[in-house]
Amino acid sequence: MKNLLLLHGALGHSDIFKPYEKELSKYFNIHTLLFSGHGNTELPENAISIEKYTEEIKDYLEKENLRDVCIFGHSMGGYAALCCALRYPERINSIMTLGTKFDWTEEQALKESKMLDPEAILLKVPKFAEQLENQHGAQWKQLLPAIAELMVALGKNPPLNETSLWAISIPVQIMTGDKDNMVSIEESISAYRGIPNAKLAILPDTKHPMEKVRPNLLFDLMKDFWNLS
C-alpha cells in the first residue's frame, strides 16, 4: 500500500484531515505532520520560513523511511510540498495541491500579512481567534506575526517561479476553488501550465478553508489522479 502525506496550510492543523482519513486509509497508509509553531509544536527561535517547512517535510520522510510518497497539500502545505519535490524528488511520487497561492509579490505579501494582527482578529473576528487558540494554544498570537514574516519573505524571493516550476518532473495536480478569495484561478492556471506533468481542476462553489471543501468532490479528484479503485 502506498504512503500518503497530508500537509496543512499556514495557521492550519492536521486535524482538518480527520473527515478524509477513514476513506483514504482504504488506499493509503496515512501520514500527517504539524509544521513547527502549529498545534503543540514549538515556534522556532530563528523564524519560520518556507525553506524550514520544506526541510521539515524532508526530515519527516527520512524519519519514517518513506520513499515514493504521495502528498496532498492544502494552501501553504502544497507550496512547501512542491519546494520539497524540487529539492528531493527521489522521495516523492506525486503531489496534489489545493488552494495554494503561487503569485507572491512584495505588495501582495504585505497586504496579506497585515491581516494577521492578533489584536485586530480578537476584535473583529473573535470566532477565528477562538479557533486559533483551540488549535495552537496560547502561542497563536506569536504564530500570526511569524507567518506574516514568512509571507513577506515569499513576496521578496518566491522559490516557486517560472523557471523552478518547469524543473518539477513528478505528476502534479493543481486545484483551486472557484470562490477562493486568496488564490486566483489565473495564478493556478499559470502554475499548471508551468509544470511539465501537471493537471488542473477548478472546484465549483468552493472557498479557501479546508473545512469548506466538500469531501466527496475531493475524493473523486484524488481517485482520478491517483488511479484509485
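The preceding data block contains the structure.
Quick caveat, the model's predicted, so the values are computed rather than measured.

Enquirer: Explanation requested: the packing of helix α2 (residues 50–63) against helix α3 (residues 76–87) in the structure shown.
Expert: For any two helices packed against each other, the geometry comes down to the angle between their axes and how far apart the axes lie. One way to put it is that α2 packs onto α3 with a least axis distance of 9 Å and a crossing angle of 70 degrees. When the interaxial angle is binned, α2 and α3 end up roughly perpendicular. In this structure, α2 uses I50, Y53, T54, E55, I57 and K58 to contact α3, whose residues at the interface are M76, Y79, A80, A81, C83, C84 and R87. Within the contact of α2 with α3, the residues separate by chemical class into 9 nonpolar, 1 polar and 3 charged.

Enquirer: Please clarify how the sheet that holds strand β3 (residues 69–74) should be interpreted in this entry.
Expert: Remark on secondary structure: sheet strands pair via backbone hydrogen bonds, oriented parallel or antiparallel. The 6 strands lie next to each other as β2-β1-β3-β4-β5-β6, forming an open sheet whose pairing is parallel. Edge positions in the sheet fall to β2 (28–33) and β6 (198–203), since each of these pairs with one other strand and no more. Taken over all neighbouring pairs, the strand axes of this sheet differ in orientation by 20 degrees on average, direction set aside. When strand β1 (residues 2–7) meets β2, the two strands line up parallel, connected through 6 bridges. By the bridge assignment for β2, K2 is matched with F28. The sheet strands contacting helix α10 (residues 215–225) are β3, β4 (92–98), β5 (172–177) and β6, and the helix crosses β4 at an angle near 150 degrees.

Enquirer: Can you walk me through the environment of M76 in this structure?
Expert: Residue placement: M76 occurs in helix α3. Spatially, the C-alpha atom of M76 lies 8.5 Å from that of I50, the residues being 26 residues apart in sequence.

Enquirer: Would you explain the pattern of salt bridges in this entry?
Expert: Under the criterion given, the structure shown has 11 salt bridges. Of the charged contacts in the structure, one is a salt bridge between E187 and K101, with a shortest N-O distance of 3.0 Å. Of this pair, E187 sits in helix α9 (residues 185–194) while K101 is found in the loop between β4 and α4 (106–114), placing the two residues 86 residues apart along the sequence. With respect to burial, E187 and K101 carry one shared label: buried.

Enquirer: Is there a simple way to explain the side chain of E23 in this structure?
Expert: Within the secondary structure, E23 sits in helix α1 (residues 18–24). Given a relative accessible area of 18%, E23 falls into the buried group. E23 has contacts with F219 and K223, leaving out every residue within four places of it along the chain.

Enquirer: Hey, could you run me through the nonpolar core in this one?
Expert: One recurring pattern in soluble globular proteins: nonpolar side chains tend to sit buried together. Among the nonpolar cores identified, the biggest contains 50 residues, and L5 and I92 are the most heavily contacted of them. Contributions of two or more residues to this core are made by β1, α2, β3, α3, β4, α6 (126–136), α7 (140–156) and β5. Of the residues forming this core, the biggest block, 9 residues, is contributed by α7. Beyond its immediate sequence surroundings of up to four residues, L5 is in contact with H31, T32, L33, I57, Y60, L61, V69, C70, I71 and F72. Grouped together as the second largest cluster of nonpolar side chains are 23 residues, F72, L98, M210 and F219 included.

Enquirer: Can you help me understand the packing of aromatic side chains in this one?
Expert: For any pair of aromatic rings, the description rests on two quantities: the centre-to-centre distance and the angle between the ring planes. Per the counting criterion, the structure on display carries 6 aromatic pairs. Here Y20 and F219 contribute two aromatic rings whose centre-to-centre distance is 5.4 Å and whose plane-to-plane angle is 65 degrees, an arrangement assigned as edge-to-face. Separated by 199 residues along the polypeptide, Y20 in helix α1 and F219 in helix α10 bring together distant segments of the chain. The same class applies to Y20 as to F219, namely buried. Ring geometry for Y79 against F102: centres 6.4 Å apart, planes inclined by 35 degrees, an arrangement best described as tilted. Residue Y79 is located in helix α3, and its partner F102 is located in the loop between β4 and α4; the two are separated by 23 residues in the primary sequence. Of the two residues examined, Y79 and F102, each falls in the buried class. Taken together, F28, F225 and W226 form an aromatic cluster joined through their ring pairs.

Rules behind the numbers
- Residues numbered from 1 in each chain as written.
- Predicted model: local features only at pLDDT ≥ 70, side-chain atom pairs only at ≥ 80, totals over all residues.
- Heavy atoms only, no water.
- Axes fitted to C-alpha atoms, helices over the stretch in contact; angles between N-to-C directions.
- Helix = DSSP H or I, 4+ residues; strand = E, 2+ residues; numbered from the N terminus.
- Parallel < 35°, antiparallel > 145°, perpendicular 65-115°, else oblique.
- Contact = heavy atoms within 4.5 Å.
- Nonpolar A, V, L, I, M, F, W, Y, C, P; charged D, E, K, R; others polar.
- Pairing = 2+ DSSP bridges.
- Salt bridge = Lys/Arg side-chain N within 4 Å of Asp/Glu carboxyl O.
- Buried < 20%, exposed > 50% of the residue type's maximum accessible area, 1.4 Å probe, protein only.
- Core = buried A, V, L, I, M, F, W, Y, C linked by side-chain atoms within 4.5 Å.
- Phe/Tyr/Trp six-rings, centres within 6.5 Å; stacked < 30°, edge-to-face > 60°.

Read these as spatial facts, not as claims about activity.
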